[in-house]
Structures are given as structure tokens and as C-alpha cells.
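Letter by letter, the chains look like this.
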Amino acid sequence: MHAAVDAGSAEALAGRMLRLVQGYRASCVIATAVKLGLLDQLDAGPMSVDELAKRLRAHGSSLRRFLNALEALGVVESQASGVRLAQAGRLLVDPESGLRERAILSAEEYIPAWVKLGESVMTGEPAFPAAFGMNVWEHRKAHPELDESFNRAMADLQARARSSVLDMYDFSSCGLVVDVGGGSGALIADILQRYPDATGLVFDQPHVVVRAQAVLAAAGVLDRCRVAGGSFLDSVPTGGDVYILQYVLHDWSDADCATILRHCHKAMEPSSALVVVENIVPEGAPPSESLAMLDLHMMVVLGGRERTSSEYRSLLHSAGLEIRRCVPGRPYPEVIVASRDDAKRASEDPAGRG
Ligand SMILES: C[S@@+](CC[C@H](N)C(=O)[O-])C[C@H]1O[C@@H](n2cnc3c(N)ncnc32)[C@H](O)[C@@H]1O
């Protein structure tokens, strides 16, 4: 009896390991369906395989085999009238889901970089430049369609993190909110919509921040928000009551984070607050699989890392900033509120807000 159970669980374990070993196949099938425009064609309605082959100018019998794999993965389903998107496939064409953008980025950037994971493990350096001959930010600048995909994926993340971040910090007594590395402005748009008396400034790389105008206009807050292009490795705009760094620090090494934080410190008044939004690695317990994988992703693609609260505390401290308050997420992200270490603790409103 025991032997049978053991054999069964050994077989299940081997099956699980095989699926992990061959996980690249499913990633490539999904990314290819997105890239070929197959899912967009089916989004218009079910169609025969011959019609789909004609529209895609694909090789008929190979397309049929490809559709078999997509059906096995639950992306499409066959019916009498032809092939149609299954529920999971509809998520891949939903612009709000961000999944389509992630599939494109996986195919074009992440998989080639992750293949070189071993180089990062051996050298401590990001593997992305070994795969592409340039860092990821330079690569996206050279490929605006990938930059667009990345910014859309980030905006989707913002849409999902929206309630947690906005509910975790009260911006009601802020004048100017500066979103440092604010991408295409999704977070500041949310803040300004909720707080009609606040004004905003989105600061990001010049080729990224130009996209923010449209997002801010669509949210109806363009009249209260400026955009500024530059590098936070050089300086950060002055004049903010609150500075936000959302999912920025985990992109960077400790040395680069220290530079970014020093520039924030220099731009801040003693009364300004710095709001850091990040996933926090639990102390003394292994991180979840998703957080451990995200940490590796930061290592391979960017040379960054996921950090514990104490690691953020010492990074901030090294730049002359002190944590005043931490608001744990459910379970992620966490909001860390800091201010300059010369800020008067008695009037420590930055820490007390919210
Ligand atoms: C992970 S994204 C986070 C975007 C946004 N804060 C959010 O939460 O959606 C990191 C951002 O840092 C920006 N960035 C990268 N290098 C930068 C630099 N040197 N100066 C300013 N922004 C930079 C990227 O363009 C990107 O928008």
C-alpha cells in the first residue's frame, strides 16, 4: 500500500518537474499567438481554421497543430463554427489585463535574458546586456514598441495596486506630489483624481514621460500636472511636498539606489515626505515563489533586487533619510514613509499622514 502511494507521489513529482523543465514551451506558444496576431483575429469572432490561415497567411497544417496546443493550454476552443477564444484567451486580448504586454516582453526581452541566468549567478551582474549588448532601458529606448508594452504593463500593475496604495497613504494635505520614475503617469492620475486640491509632477526618462500627457488628459488632470524628463541618477526636481518612488528602487543595485535616494534627499525640504512603494521580502522566512522569481527577474534583467524592510531602512539611512512609518500591504506592496533625518520629529506630519 505504502509502496503504491510512494510510487504515485514519485510519479506526480516527476510530472511536476517535467512541466517546470519544459515550461518554456507554453510561454513560447502564448507569446507566439500574441505576436502573430492570431488572438486578435479570433477576438472578432469564431472562424474556421482555413479562414484563419488565410488571414494570417499561415501554413495551414502547421497552424492546425499550433491551434491544438493553444486548445490544450485553454487559450482557444473548437466548436462547430470553427475556433474561438476561450475565457483565458480573452484575457490575453483584454488591454486592461496587461497579459498581452507581458507575453510580448517575455518573448522579446525576458526569455533571451533569462537563458543567461547562470552568468548573473556567477558574476552578480545583470545578464540582459550579455544577451542584447545594452541595458534594458537602452534597449527599450531603441525599440519604442517594447517601451510602450512595458509602460502599459506598468499601468496595468498600477490599476491593480491602485486601491492598496491610495488607501495606504493620505495625500489630502499635500500640495505638489512628485512621482519619481512615474512612467506614463498612471499613479499620479489616480492621486489627482482622488485629491482635487493636489498638483502633480511626473518625472521619468524623456522618451517615457512624453506618453504621460495622454494618460493625464484622459484622466482629466492634465491642468494640474506637469511632466519633466531627466534621469534620477543625475537629479530629482525640487519643490515637492511628497515624493513617490513606486517600484523604482527594486530595479537598481544598492549603489544606484543610494544615488537616487541622495538626489531625492537633496530635492526634499525637511517637511517633505518620501513614499516608497515596494514588495517587501519577509525577514527570517523564505519568500514566496512569486517573490523569489521576481527577485531573480530583477537580478537578470536590471541588476536590482527585492529587499527586506531592514535593507530599505539602511539604504534610506545611508542617504540621510529615516523611516517614519511602514504600512504593510495585503500582502504586497508595502508603503514606507520616510523623511529627511533632519526633519523635526515633533512636526513629523509626513509620517503621521494617512
Ligand atoms: C518599474 S517602472 C515603475 C514605473 C511606475 N513608478 C509604476 O509604479 O508604474 C520603473 C520606471 O523607472 C523609469 N526609469 C528608469 N531609469 C530611469 C532614470 N535614469 N531616470 C528616471 N526614470 C527612470 C522607467 O522609465 C520606468 O518608468
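Look up: the structure comes first, before these words.
The notes below deal with the structure included here. Note that the structure is predicted; figures quoted are calculated from it, not measured.

## Examining unusual backbone geometry
And then number 1: Here arginine 57, not a glycine, exhibits a phi torsion of approximately 55°, which is positive.
And then number 2: Classification of arginine 57 by relative accessible area gives exposed; the value is 79%.
And then number 3: Positive phi values are uncommon outside glycine, yet tyrosine 247 reaches one of about 50°.
And then number 4: Following the sequence through the fold, tyrosine 247 ends up in the loop between β6 (242–246) and α15 (254–267).

## Re the side chain of glutamate 322
And then number 1: Residue position: glutamate 322 is located in strand β8 (residues 321–327).
And then number 2: In this structure the side chain of glutamate 322 is engaged in a polar contact, spanning 2.7 Å, whose partner is the side chain of histidine 317.

## As for the pattern of salt bridges
Proximity of charged atoms lets side chains of opposite charge pair with each other.
And then number 1: Counted according to the given criterion, the structure contains 14 salt bridges.
And then number 2: For the salt bridge of arginine 84 with glutamate 77, the shortest nitrogen-to-oxygen distance reads 2.8 Å.
And then number 3: A salt bridge links glutamate 101 to arginine 152; its shortest N-O distance comes to 2.9 Å. Linking glutamate 101 in helix α7 (residues 99–114) with arginine 152 in helix α11 (residues 144–168), this pair joins segments that are 51 residues apart in sequence.

## Topic: the nonpolar core
Generally speaking, soluble globular proteins have nonpolar side chains that are buried together.
And then number 1: Counting 65 residues, the largest nonpolar core has Leu38 and Leu274 as its most contacted members.
And then number 2: For leucine 274, the contacting residues outside a window of four places in its chain are Tyr243, Leu245, Leu261, Cys264, Met268, Leu316, Leu321, Ile336, Val337 and Ala338.
And then number 3: With 29 residues, the next largest nonpolar core counts Ala189, Ile191, Val209 and Ile244 among its residues.

## What to know about the site of the ligand
And then number 1: Inspection of the region around the ligand gives 15 residues, with Gly181, Asp204, Gln205, Ser231 and Gln246 positioned closest.
And then number 2: Backbone polar atom of phenylalanine 232 to a nitrogen atom of the ligand: 3.0 Å apart, as the coordinates give it.
And then number 3: The side chain of glutamine 246 places a nitrogen or oxygen atom 2.7 Å from an oxygen atom of the ligand.
And then number 4: Of the residues that constitute the shell around the ligand, the class distribution is seven nonpolar, six polar and two charged.
And then number 5: Inspection of the shell around the ligand shows a minimum of three residues originating in each of domain 2 (97–158) and domain 3 (159–352).

The rules behind each value
- Residues numbered from 1 in each chain as written.
- Predicted model: local features only at pLDDT ≥ 70, side-chain atom pairs only at ≥ 80, totals over all residues.
- Heavy atoms only, no water.
- Buried < 20%, exposed > 50% of the residue type's maximum accessible area, 1.4 Å probe, protein only.
- Helix = DSSP H or I, 4+ residues; strand = E, 2+ residues; numbered from the N terminus.
- Polar contact = N/O pair within 3.5 Å; in protein donor to acceptor, adjacent residues only side chain to side chain.
- Salt bridge = Lys/Arg side-chain N within 4 Å of Asp/Glu carboxyl O.
- Core = buried A, V, L, I, M, F, W, Y, C linked by side-chain atoms within 4.5 Å.
- Contact = heavy atoms within 4.5 Å.
- Near = heavy atom within 4 Å.
- Nonpolar A, V, L, I, M, F, W, Y, C, P; charged D, E, K, R; others polar.
- Domains from an automatic or database assignment.

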